[in-house]
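# Coordinate inspection notes
Read off the chains here:
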Amino acid sequence: MLGYIIRRILAVIPVMAIVAIFVFLLLRLTPGDPAAIIAGDSATPAQLDRIRESLGLSEPLHVQLVTWIGQLFRGDLGTSIISNQPVTRLIGQRIWPTLQIGTLTIILSVLIAVPLGVLAAWRHRTWVDYAVMTFSVLGFSIPVFVIGYIFIKIFAIDLRWLPVQGYSAPSENLQAFFLRAILPCLTLATIYVALIARMTRASMLEVLGEDYVRTARAKGVKERIVLFRHALRNAAVPIMTIIGTGFALLISGVVVTESVFNIPGIGRLTVDAILARDYPVIQAMILLTSAIYVFVNLLIDISYTFFDPRIRY
Amino acid sequence: MTLMSHDFSTSILARGRSIAAAAMLAASTAIIPAGAALAQDGETITAVMHSGLRVLDPIITTAHITRNHGYMIYDVLVAQDKDFTPQPQMAEFAVSDDGLTYTFTLRDGLKFHDGEPVTAADAVASLKRWGERDSGGQLIFDITASLEATDDKTVTWTLSEPFGPLLDIVSKQSAVPPFIMPARVAETSADEAITDYTGSGPFVFVEEEFEPGVSVTYAKFEDYVPREEPVDWMAGGKVVNVDTVKWVAMPDAQTAINALVSGEIDYLEQTPIDLLPILEASPDVVVEVRDPLGYQTMGRMNFKHPPFDDVKIRQAALMAMSQEPVLATLIGNPEYYQMCGAVFGCGTPLESATGTESLTGAGDAAAAKALLEEAGYDGTPIVLMQPTDVVTLTAQPVVAAQQLREAGFNVDMQAMDWQTLVTRRASQSAPSEGGWNIFFTNWMVPEISSPLINPMVNGRGDDAWFGWPEDPALEELRAEFIAATSAEAQKEIAERIQAHVIDVVNYVPLGQYLPVQSRRTNIVNMIPAPVPVFWEVDKTE
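## Observations regarding the overall build of chain B
Assigned secondary structure in chain B consists of 17 helices and 23 strands. For chain B, whose C-alpha radius of gyration is 23 Å, the value lies close to the compact-globule estimate of 24 Å for 541 residues. Taken along the three principal axes of its C-alpha coordinates, chain B extends 70 × 60 × 40 Å. Contacts in chain B between residues at least 24 apart in sequence constitute 74% of all its contacts with a sequence separation of at least 6. Roughly 17,200 Å² of accessible area belongs to chain B as shown, and the carbon and sulfur atoms make up 50% of that amount. One finds the centroid of the 33 positive side-chain charges in chain B at a distance of 1 Å from the centroid of its 75 negative side-chain charges.

Spelled out as structure tokens, the structure:
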């Protein structure tokens with residue numbers, strides 16, 4: 001197992017190198033000029049040239065690439081062209097809200113979706129199954145910002161139970177953190193509950209038709225144990241896959257929710273950086289996202305061995 | 001309008017002058033309700049500005065949010081009152097009889113946030129750095145014989161020839177005011193952003209709480225000594241009544257509206273017009289126009305390539321356009337916009353409507369067609385650039401394209417994001433090879449209010465703003481304006497510049513609109529001014 005993990009981590013290096021070079025070149029070939037963002041609308045072409053020069057953007061592409069890779073080897077992600085702040089500081093400021101909201105959302109989604117999926121499979125083709133599937137289709141279909149606005153209207157504007165927007169660090173005020181996290185987590189969870197419940201139902205239906213389930217039932221094993229110990233554990237591999245990729249998607253793609261609830265996370269950081277052509281920030285964010293995907297996939301693969309002893313590395 | 005405001009603002013609104021005047025009056029008389037208690041210790045105003053703050057150097061950029069940041073933490077030598085008249089702020093000033101020597105004397109009690117006194121050497125270094133970036137400043141430095149600190153409190157600026165509007169430029173509120181920084185900071189190259197944010201203004205920048213694009217916190221500078229005169233636009237005493245001002249960025253306009261209604265924020269700098277009914281229905285929110293000048297929207301043609309290298313075809317394009325449909329599509333509610341053909345903006349001392357009757361009227365497609373025929377227009381496609389990601393710039397290209405088509409132009413409207421547009425507009429290639437023929441943008445009126453600061457009114461060819469008109473006659477008129485020593489003479493020359501600019505179609509002014517601001521009712525005494533500032537304002541219990 002340890003050897004497998006080391007091999008997987010080593011395999012990440014060429015992947016990340018290819019991602020880094022590809023992203024670097026793609027960004028430089030995209031139209032846009034961070035110097036124009038910095039200087040503003042009335043800057044003359046000569047002024048823009050001077051700013052480009054001071055930022056190192058006038059250097060040949062290969063020189064810029066080598067400089068950047070040299071920085072990466074030193075663990076330096078560079079400095080934001082626009083705000084002049086170290087990229088590591090920016091990511092440090094913005095990653096925690098995203099990680100916290102993402103983690104809470106996944107926990108909430110799993111706690112709701114897995115029992116719902118099991119229930120739907122257990123009560124296959126009854127009203128319970130149809131209700132869960134209807135909810136699932138709705139959860140997929142309604143855009144996340146619409147759900148967000150509906151929750152805000154009900155719980156923040158009309159009932160005034162929760163704040164409309166914002167983020168509070170849990171280290172500063174745990175209660176304020178949870179109060180502000182409830183609505184974005186519920187909003188995001190709607191999609192993931194739908195996704196995970198549907199996958200759980202499908203996997204469970206497949207397993208519930210297996211011989212060993214029928215045997216367990218024939219032996220008089222309690223239905224609860226049949227469902228959760230025999231069936232769910234065997235259905236867990238695809239469910240874990242969807243939870244893992246869902247978490248990675250959450251971390252890298254929550255920009256709409258971050259905008260609607262005004263959460264200063266990495267989704268907004270990335271989009272703002274793209275709009276401003278803030279190359280060092282975009283490059284760092286794409287590398288980080290790639291690393292998160294690789295890491296989460298590794299964890300998923302390792303988790304398979306706990307659910308299915310037949311899987312060995 | 002600047003790039004930053006394009007990229008990150010939500011929407012900007014407008015209103016007619018009469019409404020603006022009424023709103024200004026209302027804002028200026030927004031007195032504290034009887035019995036209301038003023039802010040206690042620890043009072044914070046939370047404001048949602050038009051954009052997140054990212055660039056912290058107010059000299060290197062013309063971004064409005066950075067200029068606003070500049071007004072929070074820096075001070076200026078002289079500032080304009082509501083009549084655009086320069087008034088002393090950090091310094092008293094005097095002009096020699098021959099108009100060649102300007103003397104600025106710093107007032108007592110000025111200190112930087114690190115406790116060091118503000119000296120004339122700081123002012124000189126700051127003015128020099130500003131002069132490298134600002135187009136008006138560059139004009140002054142072109143004829144500067146010397147600029148020096150003659151003692152700790154006196155700055156002496158000697159010119160080689162008279163420059164009538166010097167004080168107007170040094171006191172201007174936008175786009176780049178000459179903020180005074182410590183000399184050690186001002187010695188940074190004008191092409192590199194500063195990294196030390198020590199100012200001497202009424203607020204201190206709280207660096208450790210700064211999150212670029214998210215939030216910025218300003219604390220009251222306890223040692224700031226305001227002038228004794230009452231506040232008057234950017235001039236007068238800057239009395240701070242709250243302890244902290246926090247700017248937060250909210251990319252979603254609906255969220256900002258909800259947060260204002262629920263009391264989570266105190267102030268919203270720009271309110272999308274389609275969401276106004278929500279705020280107007282709230283008893284706890286005041287909706288008002290506090291900037292009486294607002295924005296000018298305009299179109300600029302490329303003088304380097306056919307067909308707009310031909311003045312007759314440019315004139316035909318101007319004749320084809322009409323402001324009303326553009327503004328109606330952009331803003332919608334006529335209460336918030338006005339037709340205005342003045343190159344230097346309506347509501348400014350140099351306002352003139354000369355030559356713009358068809359623009360502010362219904363246009364004249366028949367005359368445009370006749371001119372096109374006379375010029376021998378051969379149907380060359382007009383590459384019209386349309387930014388799709390900036391709310392305040394999506395309507396103008398679409399409406400103008402239709403108006404041009406109706407006059408007989410062959411229009412190739414190309415959609416792109418704003419960043420692509422700003423890259424492409426810098427290209428002098430032929431339109432068919434990655435260049436362009438026409439694009440649209442917006443400016444705050446103070447940024448275009450004079451021939452010396454209006455970026456378009458420049459005829460220096462390749463050194464001019466995008467479009468690159470080669471126009472010696474315009475440059476002669478500007479030189480006359482510089483040499484004029486009285487307001488009357490300047491006004492008369494500005495009239496001639498207006499007529500010339502419209503005649504050669506240097507650019508096409510497409511009207512004026514004003515932003516609508518919103519605040520909680522317990523935020524009082526916000527001053528009416530084109531720049532949202534946080535002195536004088538108070539928060540009642």
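## Structural notes on the state of the cysteines
All names here are of chain B. Here the structure, examined in full by the defined rule, presents 1 disulfide over all chains. With a sulfur-sulfur separation of 2.1 Å, cysteine 340 is cross-linked through a disulfide to cysteine 346. Of note, the bridge from cysteine 340 to cysteine 346 carries an S-S torsion of about 100° and is right-handed in sense. For cysteine 340, a relative accessible area of 3% translates into the label buried.

## Some thoughts on the side chain of A:Thr187
Residue and element names in this part refer to chain A. Take threonine 187: it is sitting in helix α8 (residues 174-208). Here threonine 187 falls in the buried class, since its relative accessible area comes to 1%. In contact with threonine 187, not counting residues within four places along its chain, are Val144, Ile147, Gly148, Phe151 and Phe261.

## Some thoughts on unusual backbone geometry
Residue and element names in this part refer to chain B. The omega angle of the peptide bond from proline 306 to proline 307 is 0°, so this bond is cis rather than trans. Structurally, proline 307 can be placed in the loop between β15 (295-301) and α10 (311-320). Backbone geometry at phenylalanine 84 places phi at a positive 65°, although glycine is not the residue there. Relative to the assigned elements, phenylalanine 84 resides in the loop between β3 (78-80) and β4 (86-88). By relative accessible area, which is 11% here, phenylalanine 84 ends up buried. The phi dihedral of tryptophan 233 falls on the positive side, at around 55°, and the residue is not glycine.

## Describing the sheet that holds strand β7 (residues 144-151) of chain B
Residues and elements named next belong to chain B. Ordered in space as β5-β6-β8-β7, the 4 strands form an open sheet in which the pairing is antiparallel. What marks the edges here is a single partner per strand, and that holds for β5 (91-95) and β7. Direction aside, the axes of adjacent strands within the sheet are offset by 15° on average. In terms of strand pairing, β7 meets strand β8 (residues 154-159) through 6 bridges, oriented antiparallel. Across the sheet, residue leucine 147 finds its bridge partner in β8, namely tryptophan 157. Packed onto the sheet, helix α4 (residues 120-133) meets β6 (101-106), β7 and β8 and runs at close to 155° relative to β7. Taken strand by strand, helix α5 (residues 135-142) contacts β7 and β8, and its axis lies near 95° from that of β7.

## Some thoughts on α10(B)
All names here are of chain B. Burial analysis of α10 places 7 of its 10 residues in the buried class, the great majority of the element. Buried residues along α10 sit in contact with β15, α12 (357-360), α13 (365-375), α14 (395-406), α17 (487-504) and β20 (508-513). The distance from a side-chain oxygen at the start of α10 to the backbone nitrogen of lysine 312 is 2.8 Å, and the residue carrying that oxygen is aspartate 310.

Calculation rules
Residues numbered from 1 in each chain as written. Chains lettered and ligands numbered in written order. Predicted model: local features only at pLDDT ≥ 70, side-chain atom pairs only at ≥ 80, totals over all residues. Heavy atoms only, no water. Helix = DSSP H or I, 4+ residues; strand = E, 2+ residues; numbered from the N terminus. Rg over C-alpha atoms; globule rule 2.2 N^0.38 Å. Contact = heavy atoms within 4.5 Å. Areas by Shrake-Rupley, 256 points an atom, 1.4 Å probe, with all protein chains shown as cover. Lys, Arg positive; Asp, Glu negative; His and termini not counted. Charge placed at Lys NZ, Arg CZ, Asp CG, Glu CD. Disulfide = S-S within 2.5 Å. Buried < 20%, exposed > 50% of the residue type's maximum accessible area, 1.4 Å probe, protein only. Pairing = 2+ DSSP bridges. Axes fitted to C-alpha atoms, helices over the stretch in contact; angles between N-to-C directions. Polar contact = N/O pair within 3.5 Å; in protein donor to acceptor, adjacent residues only side chain to side chain.

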